[in-house]
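Listed below, chain by chain, are the residues.
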Amino acid sequence: RALAYMGLGAKTDHEVLLAAASQDMCALTLALTEFPVEKDVILAMVKRNWHIFAYLPPHYLADQEIAVAAVEQDWQAWSYTPDRCRADPNVALVAVRQYPD
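Report follows, based on the coordinates. If you're wondering where the values come from, they're calculated on a predicted model, not measured in any experiment.

The rules behind these values
Residues numbered from 1 in each chain as written. Predicted model: local features only at pLDDT ≥ 70, side-chain atom pairs only at ≥ 80, totals over all residues. Heavy atoms only, no water. Helix = DSSP H or I, 4+ residues; strand = E, 2+ residues; numbered from the N terminus. Axes fitted to C-alpha atoms, helices over the stretch in contact; angles between N-to-C directions. Parallel < 35°, antiparallel > 145°, perpendicular 65-115°, else oblique. Contact = heavy atoms within 4.5 Å. Nonpolar A, V, L, I, M, F, W, Y, C, P; charged D, E, K, R; others polar. Salt bridge = Lys/Arg side-chain N within 4 Å of Asp/Glu carboxyl O. Buried < 20%, exposed > 50% of the residue type's maximum accessible area, 1.4 Å probe, protein only. Phe/Tyr/Trp six-rings, centres within 6.5 Å; stacked < 30°, edge-to-face > 60°.

In this structure, arginine 48 sits in helix α4 (residues 39-48). Expressed as a C-alpha distance, the spacing of arginine 48 and glutamine 73, which sit 25 residues apart in the sequence, is 9.2 Å.

Spelled out as C-alpha cells, the structure:
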C-alpha cells in the first residue's frame, strides 16, 4: 500500500521494490505494471530472490536473461517461464542442470 504514496523515484528503486516484494509480492506486480522499471533493476531483483520471477508481468517473464537468472537459482522457476523461453536451449540447459538428481 505504501507504494501508492511514494514518488516515482522511490517506486522504481530496486531496494524499495525488494522491500515491498518481501512484504507483498502482489505489490511488486502492481508497481511493475504501473511504473517504468529498467530491465537491469528487474534482473538485479531476480538475482537476489528468484521467487520475484513468478510475479513479474509477462514481458519480463519472456526475457531470456531474466529467466536464466531465476532458473540458475532454482529449477522450479522453470514452471513460470513462457513457452518461448522453454523452447530456448540455453534456458532449458540451465533448468536441467539445476534439477536435483
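In the contact formed by helix α6 (residues 64-73) and helix α8 (residues 89-98), the axes pass within 8 Å of each other and the chain directions differ by 5 degrees. Relative to α8, the element α6 is oriented roughly parallel. Taking contact as the criterion, the partners of Gln64, Val68, Val71, Glu72 and Gln73 in α6 are, on α8, Asn90, Val91, Val94, Ala95 and Gln98. When its residues are assigned to classes, the contact of α6 with α8 shows five nonpolar, four polar and one charged.

The next subject is the pattern of salt bridges. Applying the stated criterion across every chain yields a total of two salt bridges. Across the pair aspartate 63 and lysine 39 runs a salt bridge whose closest N-O atoms are separated by 3.1 Å. Here aspartate 63, found in the loop between α5 (58-61) and α6, pairs with lysine 39, found in helix α4; they are 24 residues apart in sequence, far enough to count as distant. The buried category is assigned to aspartate 63, whose relative accessible area is 19%. By relative accessible area, lysine 39 is classed as partly exposed at 34%. The shortest N-O distance in the salt bridge between lysine 39 and glutamate 65 comes to 2.9 Å. Here the residue lysine 39 occupies a position in helix α4, and glutamate 65 occupies one in helix α6, the gap between them amounting to 26 residues.

Here we take up the packing of aromatic side chains. Within a pair of aromatic rings, the relevant descriptors are the distance that separates the centres and the angle that separates the planes. The tally for this structure, following the rule as stated, stands at one aromatic pair. Their ring planes at 45 degrees and their centres at 6.5 Å tell us that tryptophan 50 and tyrosine 80 sit as a pair that is tilted. Within this pair, whereas tryptophan 50 is found in the loop between α4 and α5, its partner tyrosine 80 is found in the loop between α6 and α7 (83-86), the two being separated by 30 residues in sequence.

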